[in-house]
Amino acid sequence: MNSVRPFAAALFIALAACSADDEAAKPSEAAPVPVRVAEARPVESADTFRAVGTVRLRREIDLGFTTPGRIAAIAVEEGDRVRKGQLLAALDTTTVGADLAAAAAERTRAQADLARARDLFAKGWVTRARLDTTEAAYRAAAAATTSAQFAASTARITAPADGHILRRFAEVNQVVNAGTPVISFGDNRDGFVLRVPITDVQAAGIIRTGSVPIDIAALGPAPRAARIIEVAGRADERTGTFAVELALPPDPALRSGQIGHATLSMRGGGPETMLVPSSAVFAARAGEAFVYVLDESGKRVKARRIVTGAMNDRGVAVLAGLKAGDRIAVTGISQLTDGSRVTPTVSGT
């Protein structure tokens, strides 16, 4: 009986030692990561964002000739102001004039043939079929003459309205095809606009306020008021953005191509839309992303999928996945994983 007691004591000591060794073998949990946190807050019913664009005359068109030929004269330079009807460019009319003369002569001959055929038909000396053929020949000759007259009249480019010469695409003695742009013309009648590209989310929520503050560096630091007159109905195929046109107040210093900024307003995404700092968002892709949300204890974070909306200098709009008051990590994101321990401090303190 006495020999059993020393054995039991030795077994207890061995088990205790093994237990201690097992505890020592367990890896220690990572130290808490210090992070700053911020609360998700509802987006205001209207938010603003800045967009940059270029000044343009609202109506800018490329002018060219309707027939091919050699350019005999270009009477304007880039930047010139022109009046309605002023000559801008002209073709060498040697060929066009010859074509018109030939067409007119053929029409005269066909007209005489038709007169004789009608007289002979009335006397019964030619058939109805012969008269119909002669009438068709005259109509063809008259149409050719009209075409030649049109070509001769459009061998000159004149200003369709008061405006500016924005660009010259060709030079004197250059041979051009029909429809080739020769001059880019800006029509003054509808004034200048600021054309800015915006995202699809911004275009869907844009508010057409009565006055939009804009600034154009080339005109000085004073802000100006513009008015939204058009939002594109489809996106640009190259950039995926929508163009917004803002009518600018008259100013003699305005020039096509100047850079301007507009402060636009857009509706929020609804009562469930939240705003979070952009630094809190990670793994963004195709309108979705993740944030780390603190649990109820405030000592651990959980990764949560969110649906993102527009982004501006105030943060990222979250359309789904968060509710007001959710606390999210905004720093130390690269050190965190799902379930990490954290030591939070309020952002800004």
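Residues numbered from 1 in each chain as written. Predicted model: local features only at pLDDT ≥ 70, side-chain atom pairs only at ≥ 80, totals over all residues. Heavy atoms only, no water.

(A) Structural view of the overall build of the protein chain. When helices and strands are counted, the protein chain shows 4 helices and 21 strands. Relative to its full complement of 349 residues, the protein chain shows a buried share of 32%. The long-range share in the protein chain, meaning contacts at least 24 apart out of those at least 6 apart in sequence, stands at 74%. By element, 55% of the accessible surface of the protein chain is carried by carbon and sulfur atoms, the whole surface being about 20400 Å². (Helix = DSSP H or I, 4+ residues; strand = E, 2+ residues; numbered from the N terminus. Buried < 20%, exposed > 50% of the residue type's maximum accessible area, 1.4 Å probe, protein only. Contact = heavy atoms within 4.5 Å. Areas by Shrake-Rupley, 256 points an atom, 1.4 Å probe, with all protein chains shown as cover.)

(B) Structural view of the layout of surface pockets. If you add up the space inside the second largest pocket, you get close to 150 Å³. For the second largest pocket, the full set of lining residues is T199, D200, V201, Q202, G309, A310 and M311. Its residues assigned to classes, the lining of the second largest pocket shows 3 nonpolar, 3 polar and 1 charged. (1 Å grid on protein atoms, 1.4 Å probe; cavity = no way out; pocket = protein on both sides within 12 Å on 5 of 7 lines; lining within 4 Å. Points joined across faces, edges and corners; volume = space filled by probe spheres on them. Nonpolar A, V, L, I, M, F, W, Y, C, P; charged D, E, K, R; others polar.)

(C) Seen up close, the nonpolar core. Of all hydrophobic cores here, the largest spans 26 residues; its most connected members are I198, L246, L248 and L264. Of all the secondary structure elements, the ones that give two or more residues to this core are strand 3 (46-64), strand 10 (181-198), strand 11 (212-216), strand 12 (224-231), strand 13 (242-247) and strand 14 (259-267). Each residue touching I198, except ones within four places of it in the same chain, is listed here: F49, A51, A203, I206, T241, F242, V244 and L264. Formed by 18 residues, the second largest nonpolar core is a distinct cluster that contains L88, A89, A159 and V182. (Core = buried A, V, L, I, M, F, W, Y, C linked by side-chain atoms within 4.5 Å.)

(D) Representation of the side chain of E135 in the model. Turning to its location among the elements, E135 is positioned in helix 3 (residues 128-153). With near-sequence residues (within four places) excluded, E135 lies in contact with L114 and R118.

(E) Up close: the packing of aromatic side chains. The final tally for this structure, using the stated rule, is 2 aromatic pairs. Taking 4.7 Å as the distance between ring centres and 20° as the angle between the ring planes, the aromatic pair formed by F282 and Y292 counts as stacked. Note that F282 is positioned in strand 16 (residues 282-285) and Y292 in strand 17 (residues 288-294), a separation of 10 residues in sequence. Looking at F282, the relative accessible area reads 21%, which means it is partly exposed. A connected cluster of aromatic rings, assembled from ring pairs, spans F282, F290 and Y292. Looking at R128, its charged tip hangs above the ring of F121, at a distance of 5.4 Å from the centre. (Phe/Tyr/Trp six-rings, centres within 6.5 Å; stacked < 30°, edge-to-face > 60°. Lys NZ or Arg CZ within 6 Å of the ring centre and 35° of its normal.)

(F) Here's a closer look at the confidence of the model for the protein chain. For the protein chain, per-residue confidence averages 85 on the pLDDT scale, and 88% of positions sit at 70 or higher. Note on residues 6-28: pLDDT is under 50 here. Beyond four places in sequence and across chains, it has 0 contacts. (pLDDT = per-residue confidence, 0-100.)

(G) How the structure looks around the environment of G210. With respect to the helices and strands, the residue G210 is situated in the loop between helix 4 (200-205) and strand 11. According to the relative accessible area criterion, G210 is exposed, its value standing at 68%. When the C-alpha positions of G210 and A226 are compared, they lie 8.4 Å apart, and in sequence the two are 16 residues distant.

(H) Region of interest: the pattern of salt bridges. Summed over all chains, the structure comprises 23 salt bridges. Close ionic contact of D113 with R109 constitutes a salt bridge, the shortest N to O distance being 2.5 Å. Highlighted residues: D113 and R109, both in helix 2 (residues 94-122), separated by 4 residues, approximately one helical turn. With a relative accessible area of 23%, D113 lands in the partly exposed category. The partly exposed category is assigned to R109, whose relative accessible area is 42%. The partner of D187 in a salt bridge is R189, and the shortest N-O contact between them spans 2.5 Å. Each of R58, R195, E230 and E245 takes part in salt bridges that share partners, so that together they form one network. (Salt bridge = Lys/Arg side-chain N within 4 Å of Asp/Glu carboxyl O.)

(I) Main features of the sheet that holds strand 4 (residues 69-74). Taking strand neighbours across the sheet as the criterion, the 4 strands line up as 7-6-4-9 in an open arrangement whose pairing is antiparallel. Here the strands that pair on one side only, and so sit at the sheet edges, are strand 7 (156-158) and strand 9 (175-176). Where strand 6 (residues 87-91) lies against strand 7, 3 bridges are found, and the strand directions are antiparallel. Within the sheet, the bridge partner assigned to A90 lies in strand 7 and is R156. (Pairing = 2+ DSSP bridges.)

(J) Geometry of helix 3. Over its 26 residues, helix 3 runs 38 Å from end to end, which matches the ideal 38 Å to within 8%, given 1.5 Å per residue. Taken as a whole, helix 3 has its buried residues at L131, T134, E135, A141, A142, T145, A148 and A151. Its buried side turned inward, helix 3 meets helix 2. (Expected span 1.5 Å × (residues − 1).)

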